[in-house]
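# Reading the structure
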Amino acid sequence: MGQQDNDQNRESEGSKEGSVDFIRTIVAEDVSSNKWDGKVITRFPPEPNGFLHIGHAKSICLNFGIAAENKGGRCHLRFDDTNPVREEGRYVNSIQDDVRWLGWDWGGHLYYASDYFEKMYEYAVQLIKNGFAYVCDLDAGQTREYRGTLTKPGKDSPYRNRSVEENMDMFMRMKEGEFEDGSRVLRAKIDMSSPNMNLRDPVMYRILHAEHHRTGSKWSIYPTYDWAHGLEDSIEDITHSVCTLEFENHRPLYDWYLDKLEIHHPQQIEFARLELTYTVMSKRKLLQLVEEGRVKSWDDPRMPTISGMRRRGYSPEAIREFCRRIGINKFNSTIDIALLEHCIREDLNKTSNRVMAVLRPLKVVIDNYPDNDEEWMDAVNNPEDQSAGTRKVPFSKVIYIEQDDFMEDPPKKFFRLGPGREVRLRYAYFVTCTDVIKDDDGKIVELHCSYDPATRGGNAPDGRKVKSTLHWVSASHALRTEARLYDHLFTKERPDEAAEGEDFRSNLNQKSLQILSDCMVEPSLKDAKPFDRVQFERLGYFCVDTDTTEENLVINRTVTLRDTWAKVQKKGVK
């Protein structure tokens, strides 16, 4: 334990070594000193009681990353399935899908805490026989009362001094299902006056008559996390057990169990969990949003779940880069979501093909263009990637532009289309607005323009310039599309900061989803599949949604083109 305490103190030194965080520094020193015979074995141990979120992505990248960086290293995927009431097989499947999608592979090392239930029971019997555990009949309220407070020591349970024989008999009967839920627990016998509340005779087993998703009704007792955690690590020969910071005060208990059992003792290291602005990370709260219908599902694109981010259009490469940039620290902090969105834009800018789409169409008739003609213009797929090549975009007499790209009485700094103004249509021609058509309510419904045939491709032979280039879509070739525009799920940077009597739900953004059903996109997207990502020129990055059918193309806006990260950095906010 002394060596482990020294290892924990290396965090500050490790954090100063450029991009090498304090945990990697510890691992590197352990490999160098041959502490674990040169082995590096980590694990990612989620509970299968919900979908993974971006906070889990940080832990996944850390644990699998450390294993991948060390020769012969490996990272186990282990499901901590010790609470049958909250766990479901669908969560097991979604977690595996998410880890794979992020780019990591556990090989043959997929495990479950339930694999070790029999062995955990045997270890509990060993502690009972050695006088380090006892069966306690106090109810939950009495247990809290006897436990004491941070300023007041606890007092011994009246059942603390039962004989080994009586404890063995009671524990076996607990296992056989003889007693009712909550009527008894098995507790470790440590120190009821310890300043660390976790050491005041913690519960190891509770009675729970519930169907387990893997073991069925075989067990009537289930281990607590603190009891199971270290045993799972030990059984799997883990070397570095990386946890989030809230488990730091639990480490003495982790050590106590393993020391008393005299079994393989991994090193527990804690780091700060991820907190993001405009986001909640609690699975309990996320489940609440799903169950109350405030979002459509766990993979709703507004959710911070990995499956939600995938559906929205985030790439695994961008999420991994985000996790790399935020680093690993020993102190809690909140990361501005602008950094995550910046990483998304950086990646999608390099990898997404450009497409022209009109979200709020305004019809434009080019009067002097031949009625039945069409042309196919050459368009660049991705200016950041020459290998992406070009595509053909159809042009015809009637096109759509964005409503926002026209003003009948434009102000001085508005350079887009207006009466008598000339603009460039991307990849096509210069056009000039000649007439404005309105409906009976005075709403602009149609524009009439003339085009200059000599400007094909977007340049004028006489050298004249225009101040604006607009995107457009040919009306006769356009695909009608539903676009879903997403904003932050919460209106406050810290959603938990709610008024008295309210909770985080009071800060939900009622405008977090806007659906546009009459959008028009160029025909190159006719064969688009769910999760295909594109950039709509001048509008943002978009992703084909899983609701897409052969008859109905549905597109999610991933992020806008406007990057606010530089502005956030200038304010000194991380």
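Residues numbered from 1 in each chain as written. Predicted model: local features only at pLDDT ≥ 70, side-chain atom pairs only at ≥ 80, totals over all residues. Heavy atoms only, no water.

### With respect to the overall build of the protein chain
- Helices and strands together make up the secondary structure of the protein chain, namely 15 helices and 25 strands.
- Its C-alpha atoms put the protein chain at 100 × 55 × 45 Å along the principal axes.
- Long-range contacts, defined here as pairs at least 24 residues apart, represent 70% of the contacts in the protein chain between residues at least 6 apart.
- As presented, the protein chain carries roughly 26100 Å² of accessible surface, and 45% of it is formed by carbon and sulfur atoms.
- A distance of 3 Å separates the average location of the 82 positive side-chain charges in the protein chain from that of its 96 negative side-chain charges. (Helix = DSSP H or I, 4+ residues; strand = E, 2+ residues; numbered from the N terminus. Contact = heavy atoms within 4.5 Å. Areas by Shrake-Rupley, 256 points an atom, 1.4 Å probe, with all protein chains shown as cover. Lys, Arg positive; Asp, Glu negative; His and termini not counted. Charge placed at Lys NZ, Arg CZ, Asp CG, Glu CD.)

### Brief notes about the sheet that holds strand β3 (residues 110-112)
- The sheet built from 3 strands is open, its strands ordered β1-β2-β3 with parallel pairing. Strand pairing shows two members of the sheet lacking a second neighbour, β1 (41-44) and β3, which therefore form its edges. In this sheet, neighbouring strand axes are inclined to one another by 35° on average, regardless of whether the strands run parallel or antiparallel. (Pairing = 2+ DSSP bridges. Axes fitted to C-alpha atoms, helices over the stretch in contact; angles between N-to-C directions.)

### A short note on the pairing of strand β16 (residues 422-425)
- Pairing geometry for β16 and strand β17 (residues 430-438), over 3 bridges, is antiparallel. Its bridge partner being in β17, Val423 is matched across the sheet by Val431.
- In sequence, β16 turns back onto β17 through a hairpin of 4 residues, with Tyr427 there showing a positive phi of about 70°.

### Observations concerning helix α3 (residues 22-32)
- Within α3, the full set of buried residues consists of Phe22, Ile23, Thr25, Ile26, Val27 and Asp30.
- Its side-chain oxygen placed 3.0 Å from the backbone nitrogen of Ile23, Asp21 serves as the N-cap of α3.
- Taken from the residues just after α3, Asn34 is the one with a positive phi, measuring 60°. (Buried < 20%, exposed > 50% of the residue type's maximum accessible area, 1.4 Å probe, protein only. Polar contact = N/O pair within 3.5 Å; in protein donor to acceptor, adjacent residues only side chain to side chain.)

### Quick look at the side chain of Ser307
- Residue placement: Ser307 occurs in helix α12 (residues 306-312).
- Judged by relative accessible area, Ser307 falls into the buried class, the value being 13%.
- Contacts of Ser307, omitting those with residues within four sequence positions, involve Phe51, Asp98, Trp298 and Asp299.

### Describing the pairing of strand β4 (residues 133-136)
- Side chains of β4 alternate between two faces, with Ala133 and Val135 and Tyr134 and Cys136 buried alike.
- When β4 meets strand β5 (residues 185-188), the two strands line up antiparallel, connected through 4 bridges. Across the sheet, residue Ala133 finds its bridge partner in β5, namely Ala188.

### Points about the state of the cysteines
- Across all of its chains, the model carries 0 disulfides by this definition.
- For the unlinked cysteine Cys243, the closest cysteine sulfur is that of Cys75, found at 12 Å.
- The thiol of Cys343 is not disulfide-bonded; the next cysteine sulfur, from Cys323, is found 9.0 Å away.
- The buried category is assigned to Cys343, whose relative accessible area is 2%. (Disulfide = S-S within 2.5 Å.)

### Some remarks on the sheet that holds β4
- Pairing within the open sheet is antiparallel, and its 4 strands lie in the order β4-β5-β6-β7. The strands lining the two open edges of the sheet, one partner per strand, are β4 and β7 (221-223). This sheet shows a mean twist of 20° between the axes of neighbouring strands, independent of strand direction.
- Of the strand pairs in this sheet, β5 and strand β6 (residues 203-207) are connected by 3 bridges, and their pairing is antiparallel. Its bridge partner being in β6, Arg187 is matched across the sheet by Val203.

### Examining the nonpolar core
- Formed by 42 residues in total, the largest nonpolar core has its most connected members in Ile54, Ile60, Val99, Leu276, Ile319 and Phe322.
- Listed by contribution, the elements that provide at least two residues to this core are α4 (54-69), β2 (74-79), α5 (89-101), α12, α13 (316-326), α14 (337-351) and α15 (565-570).
- In terms of residues, this core owes the most to one element, α14, which gives 7 residues.
- When neighbours within four sequence positions are excluded, Ile54 is seen to be in contact with Leu274, Leu276, Met281, Pro304, Ile306, Met309, Ile319 and Phe322.
- If you look at the next biggest cluster of nonpolar residues, it comprises 38 residues, including Ala133, Val135, Trp219 and Trp227. (Core = buried A, V, L, I, M, F, W, Y, C linked by side-chain atoms within 4.5 Å.)

### Some points on the packing of aromatic side chains
- Counted under the stated rule, the structure contains 21 aromatic pairs.
- Considering the side-chain rings of Phe51 and Tyr91, the 5.8 Å spacing of their centres and the 85° angle between planes classify their relative orientation as edge-to-face. Residue Phe51 is located in the loop between β1 and α4, and its partner Tyr91 is located in helix α5; the two are separated by 40 residues in the primary sequence.
- On the basis of relative accessibility, which here comes to 3%, the residue Tyr91 falls in the buried class.
- Aromatic side chains Phe51 and Trp298 sit 5.4 Å apart centroid to centroid with 10° between the ring planes, which places their arrangement in the stacked category. Of the two residues, Phe51 is situated in the loop between β1 and α4 and Trp298 in the loop between α11 (283-291) and α12; the sequence distance between them amounts to 247 residues. (Phe/Tyr/Trp six-rings, centres within 6.5 Å; stacked < 30°, edge-to-face > 60°.)

### Re the pattern of salt bridges
- A complete count under the given rule lists 53 salt bridges for this structure.
- Among the ionic pairs, Arg464 bridges to Glu422, the shortest N-O distance being 2.9 Å. Here Arg464 is found in the loop between β18 (444-452) and β19 (469-470), whereas its partner Glu422 is found in strand β16, with 42 residues between them in sequence.
- Judged by relative accessible area, Arg464 falls into the partly exposed class, the value being 27%.
- Overall, Glu422 belongs to the partly exposed group, its relative accessible area being 25%. (Salt bridge = Lys/Arg side-chain N within 4 Å of Asp/Glu carboxyl O.)

### Considerations on the side chain of Asp347
- As for its position among the elements, Asp347 is in helix α14.
- An unpaired buried charge is present at Asp347: no salt bridge exists, and Lys350, the closest side chain of opposite charge, is 5.1 Å distant.
- When sequence neighbours within four positions are dropped, the list of residues in contact with Asp347 reads Ser315, Glu317 and Ala318.

### Details of α5
- Its 13 residues give α5 an end-to-end C-alpha distance of 19 Å, which sits within 8% of 18 Å, the value for a rise of 1.5 Å per residue.
- Among the residues of α5, Tyr91, Val92, Ser94, Ile95, Gln96, Asp98, Val99 and Trp101 are the ones counted as buried.
- Once α5 ends, the next one or two residues include Gly103, with phi positive near 105°. (Expected span 1.5 Å × (residues − 1).)

### Looking at the packing of α13 against α14
- α14 packs onto α13 with a crossing angle of 135° between their chain directions and a minimal axis gap of 9 Å. It follows from the interaxial angle that α13 and α14 lie oblique. Read as a crossing pair, α13 and α14 show a hand that is right-handed. Touching Glu317, Ala318, Glu321, Phe322, Arg325 and Ile326 of α13 are Leu339, Leu340, His342, Cys343, Ile344, Glu346 and Asp347, all from α14.
- Here the contact of α13 with α14 is built from residues that sort into 7 nonpolar, 1 polar and 5 charged. (Parallel < 35°, antiparallel > 145°, perpendicular 65-115°, else oblique. Left-handed = near helix turned anticlockwise from the far one by under 90°. Nonpolar A, V, L, I, M, F, W, Y, C, P; charged D, E, K, R; others polar.)

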